[in-house]
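Reading the structure
The lines below spell out each chain.
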Amino acid sequence: MSADAEERRQLGARFDELYRRGSRARLARITRRALPRAVEAGLYASLVLPLGLIATALLARAGGPNPRDFGWLQALAGMAAISAAVVAVRLYVARSRPVERAEVLGECDRLLEADGRLLAADDFVRAGATGPFVAAALEEGRTQLDRANGLQFPAGPDVPGVRARSFVAAAAALMLAWFVTRGEVPPVDQLADTDTAIVPALPTNPEQHVPEKPVESEPPAPQEPRADQPTKPATRGERAELASEGTPPSDHVKDSKGRTKGGRSSAAKSSSGSGASRGAPSSQSQESAESEEKAAPGKRPKEGKAEEPESERKQDEDASGATAGRGSGSGSTKNPATSDWTSKDHVEAQPDDDQGEDADVDDEESDSEARGGVQPSLRDRRPPVNRDLQIGFASGRPDPDANGRGGPSPQKKSRGVASLVLGVPIPDHIKGRANPGRTKVTQERVEPEAEDSTPAVAESRRARETSAGTIERHELTPWMRELVRKYFERPETAKETTE
Amino acid sequence: MSMQGTAEDARRAAQEFREVEGKIRDQVGRMMVGQRDVIDGVLAALFAGGHVLLEGVPGLGKTMLVRSLGDAVHLAFSRIQFTPDMMPADIRGTQVLVETEGGGHELRFQEGPLVANLVLADEINRATPKTQSALLEAMQERQITVGKETRKLPEPYCVMATQNPVEQEGTYPLPEAQLDRFLFKLVVGYPAEAEYHEILDRTTGSETVRIEPVSDAAEILRLREVVRSVPVPETTKTHAVRLVVATQPGGEWSPDLVTESVALGSSPRGAQALLLAGKVQALRAGRFAVSCEDVRSVAHAVLRHRVILNFQGQSDGLTPDDVVNAVLAHVPAPGDAA
């Protein structure tokens, strides 16, 4: 081995040693910088276990494991283990990034103010470069290596510590774990009987806990399915009925029960069972509101359907608009002033909020079921659909047949473009001949007046003696022209322009 | 070859470079007041074998700088004042009919002003693209072609073009292909207040400054060889490449500003220019290898005319220098990102 090669090998070994020192210092700095963030992540991760226990509590409703099988100490140990694992992983990830040789030697250059001499010399040694300038660079690198022997790597800038919010998260995790493991979990029947699922299972006030009951306790008697009722889960309507137990049902309720099937008539019972609905006319709306509060929203159409026979029976009275004093859940929307069409098969127009599509489907189903499912729908006996798009007659009187739905009703509403014009009936087209229309010609008689004018006298003019001054030019400067051109050449702008 | 001997040669060459450059700078400095960065840039381009585009408002001494440099290095100097009606033959030269000694006639090539060592292309953006393009071959290939005849241009060959950024009426912006052929684009700014006094004393007095030639073409060529022999560590090459890639939209090292506001980034010529100019910087600093700091110190001059802003960048009022600043901040030198 030549002396030159041996010299290079020794130089390379010294660079390797400097790199090892520098990388150790760099890793220590990385660890110091990553530790607070890793601890924060660990504290946040301690929330995982309590949240998992909450999920277990939810599963307990479905027969899963009970979170109380976890002990408080077990949960605490689990949280600590999870946090420690997260901290370890974060630190490992931070330290696993390889420390590049260039970074370490570049930092040494910066600390020694060597202007890249160390980096260049190390590069030339490892690449085996030769030449006069390489040799000179190696000599300079050797000199800088001597200086680097006593180099102290800085500890790095101050790193912000662990933020307080992560401690808050950890404290919350501890509290959650304590409540879940030491707290009370309501039995399955209570969970099923309430609409709120999670919060009652995790009470925040241990003093208000109900006594501990086994989760697998038998459901109460009202939950048992009866032979004459479908095995459907308890609905809000049934609970409302149970709540109003003791109030004698009205005759109307009994009629409804007799004509409808068991479980499906619950809404009708609860709504029409309000005895105050036959009270004074002035309290009609309030009573209806109460009924609606008690009844489920999806069941309101059935309420109207349950009363349909009655409304059919009182058809003549309804047609005259005499509904005052007979409050019902939906009320009467009949307007005698806008419709004079009376028929045996007349179907009242229900308010829009009570005539959803779902409601129609339910109505048809219940109708068919009430009649044994063999009678045709009432709609089959309706008059043919009026397809006239004209809103009103020529006299301006509203067309009672034009409701846009193919049947007699009050004035058409909320259909087509005309509905956008607020209440102004505008025909779709105007019959007649196209012409400019009437022309109003106004004639005014004005006496002519003479005007004074100064005639221009031709004369010889000399050239301008002074400067014309700055002539303003309105054209764009080249860079502005270029800017505008580029703007209009943009794909988006071109598209907008063509559109 | 012993390690000690070769290092001594390198030291001598580097020392010679610094001395010659110092002499030229002193001579140019007798005429020019201030503008140290511009003078350094012009000298770096001369020693690196590149061309320079000088941009500045009128009256800042751009033409005088180049003329002074031509006087100081004793090179064949020519000046071309570009105008919109100038044709390529006006600068390259053309075949003219001359009478021979025997009484006959023949076509002989009459050289244009482009045939010189140091060419001052004054207000280059006033020429039409046709004439501007006539410079392309001269700048890149160091040769001109007239008809079927190709002539090599004398070495050292250096084009120093000036353009005025304000008076843009009736001008033709240089195409990107030509801009890319300039090693540097140097922005000539206003002198400092203290420099005004010196400028006034030198230019309004009775004393006439004469510039002595302190170098010649052969010496410039020899020093160009010295510059090219400066080695570049692999780390520095990597850093230069990353800087260039960072100017390209969507590049691996590009900052968001580049992706959003740049239409065209630097070509590989930009990386070549970074290293060549970095070598000059290393010799000036007394080092024998190019460091990352050398490359970064010339990044603005090398990259600012190679970055073309898109519409969004122009509407945001960005300049290519802003983009280069963002690139330098986004791509730290080794050891800086500790």
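Every chain is numbered on its own, with residues counted from 1 as its sequence reads. Labels are handed out in written order, letters beginning with A for the chains and numbers beginning with 1 for the ligands. The predicted nature of this model means local features are confined to residues of pLDDT at least 70 and side-chain atom pairs, given and counted, to a pLDDT of 80 or more, with totals for whole chains, interfaces and linings taken over all residues. To get the side-chain values, take all heavy atoms of the structure and skip hydrogens and water.

Scanning chain A from terminus to terminus reveals 18 helices and zero strands. Exposure classes here rest on a 1.4 Å probe applied to the protein chains alone. A residue is buried below 20% of its type maximum, exposed above 50%, and partly exposed in between. The buried share among the 499 residues of chain A stands at 28%. Under the convention used here, a 1.4 Å probe and the Shrake-Rupley method define accessible areas, while residue burial counts only the protein chains that appear. Of the roughly 33700 Å² of accessible surface on chain A, 54% is carried by carbon and sulfur atoms. For helices the rule is a DSSP run of H or I covering at least 4 residues; for strands it is a run of E covering at least 2, with both sets numbered from the N terminus onward.

When you go through chain B residue by residue, the secondary structure sums to 15 helices and 11 strands. Here chain B holds 338 residues, and the buried ones make up 52% of them. Contacts between residues were defined by any pair of non-hydrogen atoms, one from each residue, lying within 4.5 Å. Across chain B, every contact between residues at least 6 apart in sequence was considered, and the portion connecting residues at least 24 apart equals 75%. For chain B, the exposed area adds up to about 14800 Å²; of that, 50% sits on carbon and sulfur atoms.

Below, the discussion takes up helix H9 (residues 234-246) of chain B. The end-to-end C-alpha distance of H9(B), which contains 13 residues, comes to 18 Å, matching closely the 18 Å that a straight helix rising 1.5 Å per residue would cover. Along H9(B), the positions that sit buried rather than exposed are B:Thr235, B:Thr236, B:His239, B:Ala240, B:Leu243, B:Val244 and B:Ala246. How far a helix is expected to stretch is found by multiplying one less than its residue total by 1.5 Å.

Our focus in this paragraph is the nonpolar core. Residue and element names in this part refer to chain B. Counting 98 residues, the largest nonpolar core has Ile24, Val42, Phe47, Leu54, Leu69, Phe184 and Leu274 as its most contacted members. Beyond its immediate stretch of four places on either side in the chain, Leu54 contacts Val38, Val42, Lys62, Leu65, Val66, Ala161, Thr162, Gln163, Leu186 and Val188. Put simply, buried Ala, Val, Leu, Ile, Met, Phe, Trp, Tyr and Cys residues joined by side-chain atoms within 4.5 Å make one nonpolar core. Leu53, Ala116, Val119 and Val159 belong to the second-largest nonpolar core, a separate cluster that totals 25 residues.

Bringing the packing of aromatic side chains into the picture now. Stacked, edge-to-face and tilted are the three classes for Phe, Tyr and Trp ring pairs, Trp counted by its six-membered ring, which pair at centre distances within 6.5 Å; planes under 30 degrees apart are stacked, over 60 edge-to-face, the rest tilted. This structure, assessed with the given rule, holds four aromatic pairs over all chains. Their ring planes at 80° and their centres at 5.1 Å tell us that A:Tyr487 and A:Phe488 sit as a pair that is edge-to-face. Taken together, a centroid distance of 5.0 Å and an interplanar angle of 65° make the contact between B:Phe17 and B:Phe47 edge-to-face. Of this pair, B:Phe17 sits in helix H1 (residues 3-31) while B:Phe47 sits in helix H2 (residues 36-48), and the two are 30 residues apart along the sequence. Exposure remark for B:Phe17: the relative accessible area of 0% places this residue in the buried category. For B:Phe47, a relative accessible area of 0% gives the class buried. Through a chain of ring-to-ring contacts, the aromatic side chains of A:Tyr487, A:Phe488 and B:Phe311 assemble into a single cluster.

What follows covers helix H11 (residues 268-284) of chain B. All names here are of chain B. Compared with the 24 Å implied by 1.5 Å per residue over 17 residues, the 25 Å span of H11 between its first and last C-alpha is a close match. By the criterion of burial, H11 is predominantly enclosed, with 13 of the 17 residues buried. Count one or two residues on from H11 and you reach Gly286, which has phi positive near 80°.

Time to look at the pattern of salt bridges. Residues and elements named next belong to chain B. Should a side-chain nitrogen of Lys or Arg be within 4 Å of a carboxyl oxygen of Asp or Glu, the pair is scored as a salt bridge. Within the structure shown, the criterion is met by 37 salt bridges over all chains. Close ionic contact of Arg25 with Glu21 constitutes a salt bridge, the shortest N to O distance being 3.4 Å. Taken together, the positions of Arg25 and Glu21, both in helix H1 and four residues apart, correspond to about one turn of that helix. Each member of the pair, Arg25 as well as Glu21, is classed as buried. We note a salt bridge from Arg108 to Glu106, for which the minimum N-O separation is 2.7 Å. With a relative accessible area of 42%, Arg108 lands in the partly exposed category. Exposure remark for Glu106: the relative accessible area of 34% places this residue in the partly exposed category.

Residues and elements named next belong to chain B. In this scheme, strands are said to pair when DSSP sees at least two bridges between them. Strand order in the open sheet formed by five strands is E2-E5-E8-E1-E9, and the pairing between neighbours is parallel. Pairing within the sheet leaves two strands with one partner each, and these edge strands are strand E2 (77-81) and strand E9 (184-187). Strand after strand, the sheet turns through a mean of 20° between neighbouring axes, direction not considered. Two elements, strand E1 (residues 52-55) and strand E8 (residues 158-163), share four bridges in a ladder whose sense is parallel. Paired with Leu53 across the two strands is Ala161, which belongs to E8. Axis lines are fitted to C-alpha atoms, over the contacting stretch for helices. Their N-to-C directions set the angle, which ranges from 0 to 180 degrees. Here helix H3 (residues 62-73) sits on the sheet in contact with E1, E2, strand E5 (118-122) and E8, set at roughly 170° to E5.

Right, let's talk about the packing of H2(B) against helix H8 (residues 217-228) of chain B for a bit. All names here are of chain B. At a minimum axis separation of 8 Å, H2 and H8 run at an interaxial angle of 90°. Regarding the angle of H2 to H8, the classification is roughly perpendicular. Counted together, Leu46, Phe47 and Ala48 of H2 and Ile220, Leu223, Arg224, Val227 and Arg228 of H8 form the full contact between these two elements. The class makeup of the residues in the contact of H2 with H8 is six nonpolar, no polar and two charged. Between 65 and 115 degrees an angle is taken as roughly perpendicular, under 35 as roughly parallel, over 145 as roughly antiparallel, and anywhere else as oblique. Gly falls in the polar group here, along with every residue not listed as nonpolar (Ala, Val, Leu, Ile, Met, Phe, Trp, Tyr, Cys, Pro) or charged (Asp, Glu, Lys, Arg).

Taken together, the contact between chain B and chain A spans 31 residues of the former and 36 residues of the latter. When the two sides are added together, the surface that chain B and chain A hide from each other amounts to roughly 2800 Å², 64% of it contributed by carbon and sulfur. The tally of links from chain B across to chain A stands at one salt bridge. The term polar contact refers here to a pair of N or O atoms within 3.5 Å; inside protein, the definition further demands a hydrogen-donor-capable atom paired with an acceptor-capable atom, and it admits residues adjacent in sequence only when both atoms are side-chain atoms. At the surface where chain B touches chain A, the tally comes to three residue pairs in polar contact (both at pLDDT 80 or more). At the level of elements, H1, H9 and helix H14 (311-315) of chain B are the ones that each hand at least two residues to the side of chain B that touches chain A. Residues that form the side of chain B that touches chain A fall into these classes: 17 nonpolar, nine polar and five charged. Each of two parts loses accessible area, computed with a 1.4 Å probe, when they are put together; buried area is these two losses added.

Turning to the pairing of strand E4 (residues 105-111) of chain B, a few remarks are in order. Residues and elements named next belong to chain B. Pairing analysis gives seven bridges linking strand E3 (residues 93-99) to E4, with the strands arranged antiparallel. For Gly93, the partnering residue across the bridge sits in E4 and is Glu111. Counting the residues between successive antiparallel strands, the hairpin from E3 to E4 contains five residues, one of them, Gly103, with a positive phi of roughly 95°.

This part takes up the side chain of A:Asp109. Residue and element names in this part refer to chain A. Among the secondary structure elements, Asp109 is positioned in helix H4 (residues 101-112). Comment: no salt bridge for buried Asp109; closest opposite-charge side chain is Arg117, at 7.4 Å. Leaving out residues up to four positions away in the same chain, Asp109 has contacts with Ala114, Asp115, Gly116, Arg117, Leu118 and Leu119. When charges are counted, neither His nor the chain ends are considered; positive counts come from Lys and Arg and negative counts from Asp and Glu.

Our focus in this paragraph is the environment of B:Glu99. Locating B:Glu99 in the fold gives a position in strand E3. By relative accessible area, B:Glu99 is classed as exposed at 58%.

Residue and element names in this part refer to chain B. A cis amide bond links Glu155 with the next residue in sequence, Pro156, at an omega value of -5°. The topology assignment puts Pro156 in the loop between strand E7 (149-152) and E8. Backbone geometry at Gln35 places phi at a positive 50°, although glycine is not the residue there. Judged by relative accessible area, which is 12%, Gln35 ranks as buried.

This paragraph deals with the side chain of B:Thr131. Considering the arrangement of structural elements, one finds B:Thr131 in helix H5 (residues 129-141). Every residue in contact with B:Thr131, bar those within four places of it in the chain, is listed here: B:Phe82, B:Met86, B:Met87, B:Pro88 and B:Ile91.

When two helices pack together, their arrangement is given by the angle between the helix axes and by the axis-to-axis distance. Residues and elements named next belong to chain B. Direction vectors running N to C along H8 and H11 enclose 100°, while the axes themselves pass 9 Å from each other. The angle between the axes of H8 and H11 places the two elements in the roughly perpendicular class. Within the contact between the two elements, H8 uses Val226, Val227 and Arg228 and H11 uses Leu276, Lys279, Val280 and Leu283. Of the residues that constitute the contact of H8 with H11, the class distribution is five nonpolar, no polar and two charged.

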